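So the chains spell out like this:
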Amino acid sequence: MITVFGSINMDLIATTSRLPKPGETVAGNGFSTAAGGKGANQALAARRAGCTVHMAGAVGRDGFAEAALALLKDAGTELGSVKKVDEPTGTALILVGGDGENMIAVVPGANGTVTAADADAAIAGMSKEDILMLQLEVSAPAVERALAAARAKGIRTVLNLAPLIADAARLGRLADIVIANETEFELLAGVDGMDAAAREASLKRLHAETGQTLIVTLGADGVIAIRDGQIFQATGLKIEPVDTVGAGDTFCGYFAASLDEGLDFETALRRAAVAGSLACLKQGAQPSIPESAEVANKL
Ligand code: RIB
């Protein structure tokens, strides 16, 4: 079983032929809404991968709440630890350019009300065999408490170091498994502008210091990781991306689900990378998360 302690958003998405520069206005060519939030996206990915998933977080009492939870509910995710609060449901304003790249501004709303006490409650319902998955879209104190409470119970923790916040490097040291993109990993390692050789050297150095399993996602170049002193690499699929929003979350959810299912580390990385590639082929974070059969067909 996986518990995801994290954010739930409604994504408001405009598509444009190219992303604007600061201060520039560009014409949009489409608008849609979709359920999102890094926590909720990762929960849905783990659920679609086949795991039992509990989501812990918060939504408002507004019109967005039901839509933000709809796909999680349809998929059979446990939502008993999602509280309803007076703050509005979190929103993300997303621009997707013609090349599939994006810009995102997140307004936390209800996600900002998730507390350390909520972390305690979420972890109280878990047992040692479970996996706790977190991101950095709820407050740093709440994430820190969740990591500490899980460690005290011997529960494995997977922290996705996104989005970048001031406390990211410190919190990154507290998880068993850290998943970061290239930029986030540079912050964790305290090194700017790494090439492939510098990245591998930093992975080895950090791993020697902390013993943590570290995973760096590299977009179209796949993923590099270190575990028990060994470097692993995996690639996804060669694709023409339509929309990369939620691809990293799909990777995280599929990876955690694969560990929960008992797959070996290398297979879990490949399965997650393939799932992340497939998530780039459709619009919207949650609507684009593939079902496990689609992923299995591409392995
Ligand atoms: O990682 C993608 C997610 O980031 C979007 O769904 C958006 O809600 C933001 O949280």
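Use the structure listed above.
Note that the structure is predicted; figures quoted are calculated from it, not measured. (Residues numbered from 1 in each chain as written. Predicted model: local features only at pLDDT ≥ 70, side-chain atom pairs only at ≥ 80, totals over all residues. Heavy atoms only, no water.)

**As for the overall build of the chain**
From N to C terminus, the chain includes ten helices and 13 strands. In terms of overall size, the chain behaves like a compact globule, its C-alpha atoms giving a radius of gyration of 18 Å where 299 residues would be expected to give roughly 19 Å. The C-alpha extent of the chain, read off along each of the three principal axes, is 50 × 40 × 40 Å. Looking at the chain alone, contacts between residues at least 24 apart form 67% of all its contacts between residues at least 6 apart. Carbon together with sulfur atoms contributes 52% to the accessible area of the chain, which is approximately 12,400 Å² in total. One way to put it: in the chain the 25 positive side-chain charges average out to a point 2 Å from where the 36 negative ones average out. (Helix = DSSP H or I, 4+ residues; strand = E, 2+ residues; numbered from the N terminus. Rg over C-alpha atoms; globule rule 2.2 N^0.38 Å. Contact = heavy atoms within 4.5 Å. Areas by Shrake-Rupley, 256 points an atom, 1.4 Å probe, with all protein chains shown as cover. Lys, Arg positive; Asp, Glu negative; His and termini not counted. Charge placed at Lys NZ, Arg CZ, Asp CG, Glu CD.)

**A word on the site of the ligand**
Around the ligand sit 13 residues in total, of which Asp11, Gly37, Lys38, Glu137 and Asp249 are the nearest. In this structure, Lys38 approaches the ligand through a side-chain N or O atom, which is 2.8 Å from an oxygen atom. Within the side chain of Glu137, one N or O atom sits 2.6 Å away from an oxygen atom of the ligand. Coverage of the ligand by the protein chains reaches 96% of its 280 Å² of free accessible surface. For the shell around the ligand, the secondary-structure elements that each account for two or more residues are strand E2 (9–16) and helix H1 (38–48). (Near = heavy atom within 4 Å. Polar contact = N/O pair within 3.5 Å; in protein donor to acceptor, adjacent residues only side chain to side chain.)

**What to know about the sheet that holds strand E3 (residues 28–36)**
If you trace the four strands from one edge of the open sheet to the other, you get E3-E2-E6-E7, paired in mixed fashion. Either end of the sheet is taken by a strand with one partner, and the two such strands are E3 and strand E7 (102–107). Between one strand axis and the next, the sheet turns by 15° as a mean value, whatever way the strands run. The pairing of E2 with E3 spans eight bridges and is antiparallel. Within E3, the residue paired with Thr16 across the bridge is Gly28. (Pairing = 2+ DSSP bridges. Axes fitted to C-alpha atoms, helices over the stretch in contact; angles between N-to-C directions.)

**Looking at the packing of aromatic side chains**
Summed over all chains, the structure comprises three aromatic pairs. Summarising the aromatic geometry, the rings of Phe232 and Phe265 are spaced 4.9 Å apart at their centres and angled 75° between planes, so their arrangement reads as edge-to-face. A residue pair is termed long-range when its members are at least 10 positions apart, and Phe232 in strand E13 (residues 230–234) and Phe265 in helix H9 (residues 265–278) qualify at 33 residues. Residue class for Phe265 comes out buried when judged on its relative accessible area of 4%. Seen from their ring centres, Phe255 and Phe265 are 5.8 Å apart, and the 90° between their planes marks the pair as edge-to-face. A residue pair is termed long-range when its members are at least 10 positions apart, and Phe255 in helix H8 (residues 247–260) and Phe265 in helix H9 qualify at ten residues. Taken as a pair, Phe255 and Phe265 share a single burial class, namely buried. Through a chain of ring-to-ring contacts, the aromatic side chains of Phe232, Phe251, Phe255 and Phe265 assemble into a single cluster. (Phe/Tyr/Trp six-rings, centres within 6.5 Å; stacked < 30°, edge-to-face > 60°. Buried < 20%, exposed > 50% of the residue type's maximum accessible area, 1.4 Å probe, protein only.)

**Comments concerning helix H2 (residues 63–74)**
Working note: α-helix, 3.6 residues per turn, so residues spaced by three or four point in the same direction. The first and last C-alpha atoms of H2 sit 18 Å apart over twelve residues, in line with the 16 Å expected at 1.5 Å per residue. For H2, every residue scored as buried is listed here: Ala65, Ala68, Leu69 and Leu72. Axial view of H2: buried residues confined to an arc of 85°, hence all on one face. Opposite its buried face, H2 presents the exposed residues Gly63, Glu66 and Asp74, each directed more than 90 degrees away. If you follow the buried residues of H2, they end up packed against E2, E3, H1, strand E4 (53–59) and strand E5 (78–84). The positive-phi residue at the C-terminal boundary of H2 is Gly76, with phi of around 90°. (Expected span 1.5 Å × (residues − 1). Arc of directions from axis to C-beta.)

**Concerning the packing of helix H6 (residues 182–189) against helix H7 (residues 196–210)**
Each pair of packed helices can be summarised by the angle the axes make with each other and by the distance between the axes. For the pair H6 and H7, interaxial distance at closest approach is 11 Å and the crossing angle is 50°. With respect to H7, the element H6 is oriented oblique. In this structure, H6 crosses over H7, and the sense of that crossing is left-handed. Residues Glu182, Phe185, Leu188 and Ala189 of H6 form the contact with H7, whose participating residues are Arg199, Ser202, Leu203, Arg205 and Leu206. (Parallel < 35°, antiparallel > 145°, perpendicular 65-115°, else oblique. Left-handed = near helix turned anticlockwise from the far one by under 90°.)

**Remarks on the pairing of E5**
Relative to E5, E4 is paired through five bridges, and the arrangement is parallel. Among the inter-strand pairings, Ala58 is bridged to a residue of E5, identified as Lys83. Regarding the hand of the β-α-β motif, the stretch spanning E4, H2 and E5 is right-handed. (Right-handed = clockwise from strand over helix to strand, strands pointing away.)

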